[in-house]
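# Per-entry structural report
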Amino acid sequence: MSVRKRLWKTAAGEERQAWLCDYTGQSGRRHVKTFARKKDADAFIAKAKVEVREGVHTADSDSVTVAEAANLWLTTGAARGLERATLAAYEQHARLHIIPSLGRLKLSRLSAPMVRDFEDRLRLTGQSLSMVRKVLTNLGSLLGDAQERGLVARNVVRDLGSRRKKGVERRAERRSKGRLKAGVDIPLPGEIRAIVGALQGPWRPILLTAIFTGLRASELRGLRWCDVDLKNGELHVRQRADRYNVIGRPKSESGERTVPLPPLVMNALKELKLATTGDGIVFVSSRGHIRSYSNLVKYGFHPAQVAAGIVTAEGTAKYTGLHTLRHFYASWLINRREDGGLGLTPKLVQERLGHSTIGMTFDVYGHLFPRGDDGAGLAAAEKSLLG
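Notes on the structure follow. It should be emphasised that the depicted structure is a prediction, and the values quoted were computed from it without experimental measurement. (Residues numbered from 1 in each chain as written. Predicted model: local features only at pLDDT ≥ 70, side-chain atom pairs only at ≥ 80, totals over all residues. Heavy atoms only, no water.)

### Considerations on the overall build of the protein
To keep things clear, this is the line we draw: Going along the chain from the N terminus, every DSSP run of H or I of four or more residues is numbered as a helix, and every run of E of two or more is numbered as a strand. Computation of the radius of gyration draws on C-alpha atoms, with the globule rule given as 2.2 Å multiplied by the number of residues to the power 0.38. Type-normalised accessible area, obtained with a 1.4 Å probe on protein chains alone, sets the label of each residue: buried when under 20%, exposed when over 50%, and partly exposed for intermediate values. Any two residues whose heavy atoms approach within 4.5 Å are treated as being in contact. Under the convention used here, a 1.4 Å probe and the Shrake-Rupley method define accessible areas, while residue burial counts only the protein chains that appear.
Counting its regular elements, the protein contains 16 helices and 8 strands. Here the C-alpha atoms of the protein give a radius of gyration of 29 Å, more than 25% beyond the 21 Å that 2.2 N^0.38 yields for 387 residues. When its C-alpha atoms are laid out on the principal axes, the protein stretches across 95 × 65 × 40 Å. Evaluated residue by residue, the protein yields a buried proportion of 40% over its 387 residues. If you take every contact in the protein between residues at least 6 apart in sequence, the share linking residues at least 24 apart comes to 56%. With an accessible surface of roughly 21700 Å², the protein has 52% of that area assigned to carbon and sulfur atoms.

Written as structure tokens, this is what we have:
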């Protein structure tokens, strides 16, 4: 590896000079890089020596831009059979955030300080902590795909992430979101009673099932009659319908589960079964199609709230999405029997919700579990100990 001076004259007779870095990469190919100043050339050749020795150097000529790498990454995702909704989210993050900021940059020139600056700019433009984390994760995945293709030797995003305390970042993200609150994020028992009383027509069985089974919207929309056991009073979650109504398996192994049905839901499903001619999807439109999520919310859940008087000051539905019913179901499982709940253990709550880990259940709903050191509990413990 060497640095040498190059002199030449322009057509007008003016003298010019540049500094050439001449070196051989780890692949055995010869590379030449030009700098206007000697100190920049010296700094580059010193860095290149170390990177070549460690096998992590990528010459600019062997690399591609971030935008080109993003297109290759999305192609890889499609070839590996990622869900259409997942690919759409990846494409959106690349198009709206990654490419506008970093798209013209060569992967070989991307550094940890550049990634940190990109992260800061995302925050300054008002992106949530959750969105910033997702975009950075996708950038890291993009670089990982480029590594496998031999287009870059180092994944600076993962190098940066390995030095961080991810637990601290996750806690900061949860703080920014705040805990789920009854009456704000979780419908109150009285509100659920009012909604149940207002349900009618084809929306009654599907919303009753959502309320008292806690199924995710995709699981609810993909439910089949063969997975509903009316004899034993339970249903089996074995598939889901994504936002494009494409049927697939649950996202995780724990998503496949059995959920018991209370009598109210059992009776509603029996009535629906008697009026149904086919044995396919349970909740279909009048044309026999899988109901879209927006259709279910706009024409089912929101009108039911308005009819029940569960509205905002403007008279619109108080709760926006179906996931609020899943939150209610979780709180119903957790609450003590004397408070109108089932009082289930955390492990059973995890299984009913289809969470992959007990940590996920505690992260979202841990604050809802009854404390054993409240006033009544302490008084009982004191009496038992001291008599």
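That shown, we press on.
### A short note on the pairing of strand β2 (residues 15-24)
Walk down a regular strand and you will see the side chains alternate between the two sheet faces. We count it as follows: Criterion used throughout: strands pair if DSSP finds at least two bridges between them.
For strand β1 (residues 2-9) and β2, the ladder comprises 8 bridges, and the chain directions are antiparallel. By the bridge assignment for β2, Arg6 is matched with Ala18. Connecting β1 to the next strand, β2, in antiparallel fashion are 5 residues, including Gly13 with a positive phi near 90°. Relative to strand β3 (residues 30-35), β2 runs antiparallel, the two sharing 6 bridges. What sits directly across from Trp19, in β3, is Phe35.

### A closer look at the sheet that holds strand β4 (residues 228-229)
Strand pairing within a sheet occurs via backbone hydrogen bonds; the two strands may be parallel or antiparallel. Strands sit in the order β4-β5-β8 across an open sheet of 3 strands; the sheet is antiparallel. Sheet topology places β4 and β8 (257-260) at the edges, where each strand pairs with a single neighbour. By the bridge criterion, 2 bridges tie β4 to strand β5 (residues 234-237) in an arrangement that is antiparallel. Within β5, the residue paired with Val228 across the bridge is Leu235.

### Some details on the pattern of salt bridges
Where we set the bar: For this analysis, a salt bridge means a side-chain nitrogen from Lys or Arg found within 4 Å of a carboxyl oxygen belonging to Asp or Glu.
For the structure shown, the criterion picks out 22 salt bridges. Between Lys318 and Glu191 there is a salt bridge; the shortest N-O distance is 2.8 Å. Taken as a pair, Lys318 in the loop between α12 (293-308) and α13 (323-334) and Glu191 in helix α8 (residues 189-198) lie far apart in primary sequence, 127 residues in all. Asp227 is paired through a salt bridge with Arg238; the nearest N and O atoms lie 2.5 Å apart. Separated by 11 residues along the polypeptide, Asp227 in the loop between α10 (217-221) and β4 and Arg238 in the loop between β5 and β6 (240-241) bring together distant segments of the chain. On the accessibility criterion, Asp227 (2% relative accessible area) is buried. With relative accessibility at 35%, the residue Arg238 sits in the partly exposed group. Salt bridges sharing common partners tie together Arg116, Glu119, Asp120 and Arg123.

### So, the sheet that holds β1
To keep it simple, the criterion reads: To define axes, lines are fitted to C-alpha atoms, for helices over the stretch in contact only, and angles between the resulting N-to-C directions are given on a 0 to 180 degree scale.
In spatial order, the strands read β1-β2-β3; together these 3 strands make up an open sheet with antiparallel pairing. One side of each edge strand has no neighbouring strand; the edge strands of this open sheet are β1 and β3. On average, adjacent strands in this sheet sit at an angle of 30° to one another, irrespective of strand direction.

### Here we look at the packing of aromatic side chains
Put simply, the rule is: Pairing of aromatic rings covers Phe, Tyr and Trp, the last through its six-membered ring, and needs centres within 6.5 Å; plane angles under 30 degrees mean stacked, over 60 mean edge-to-face, and all others mean tilted.
Evaluation of the coordinates by the stated rule reveals 5 aromatic pairs. With a centroid separation of 6.2 Å and 50° between ring planes, the pair formed by Tyr329 and Trp332 is classed as tilted. Of this pair, Tyr329 and Trp332 both sit in helix α13, 3 residues apart, which is roughly one turn of that helix. In this structure, Tyr329 and Trp332 share a single accessibility class: buried. Between the aromatic rings of Phe362 and Phe369, the centroid separation amounts to 5.5 Å while the plane-to-plane angle is 50°, which identifies the pairing as tilted.

### Some remarks on unusual backbone geometry
Positive phi, normally seen in glycine, also occurs at Asn245, with a value near 65°. Tracing the chain through its elements places Asn245 in the loop between β6 and β7 (247-248). The exposure class of Asn245 is partly exposed, given its relative accessible area of 30%.

### Examining helix α2 (residues 66-79)
Condition: In this analysis, the expected span of each helix is defined as 1.5 Å times one less than the number of residues it contains.
With 14 residues, α2 ought to run about 20 Å at 1.5 Å a step, and its terminal C-alpha atoms sit 20 Å apart, in line with that. Buried residues along α2 sit in contact with α3 (84-102) and α5 (129-148). Once α2 finishes, Gly81 follows within two positions and takes phi at roughly 80°, a positive value.

### Points about the nonpolar core
Heads up, the rule is: Definition of nonpolar core: a set of buried residues of the types Ala, Val, Leu, Ile, Met, Phe, Trp, Tyr and Cys, connected through side-chain atoms within 4.5 Å.
Grouped together as the largest cluster of nonpolar side chains are 49 residues, with contacts concentrated most on Leu207, Ile211, Val228, Leu235, Leu269, Leu322 and Leu325. In contact with Leu269, other than residues within four places in its own chain, are Thr209, Trp225, Val228, Leu230, Leu261, Val282 and Phe283. Ranked by size, the runner-up nonpolar core spans 26 residues in total, among them Ala70, Leu110, Val135 and Val152.

### What about the packing of α2 against α3?
Note the following rule: Roughly parallel refers to an angle under 35 degrees, roughly antiparallel to one over 145, roughly perpendicular to one between 65 and 115, and oblique to any angle outside these ranges.
Two elements in contact, α2 and α3, have axes whose closest approach is 10 Å; the angle formed by their N-to-C orientations is 175°. Our classification of the angle between α2 and α3 gives roughly antiparallel. Each of Val66, Ala67, Ala70, Trp73, Leu74, Gly77 and Ala78 in α2 lies in contact with α3, whose residues at this interface are Leu87, Tyr90, Glu91, Ala94, Ile98, Ile99 and Leu102.

### Describing the side chain of Ser218
Quick reminder of the rule: N or O atoms within 3.5 Å of each other form a polar contact, as long as, within protein, one can give a hydrogen and the other can take it, and as long as residues adjacent in sequence are counted only when both atoms are side-chain atoms.
Residue placement: Ser218 occurs in helix α10. Of note is the side chain of Ser218, whose polar atom sits 3.4 Å from the side chain of Arg240. Setting aside its immediate chain neighbours within four residues, Ser218 contacts Arg240 and Ala241.

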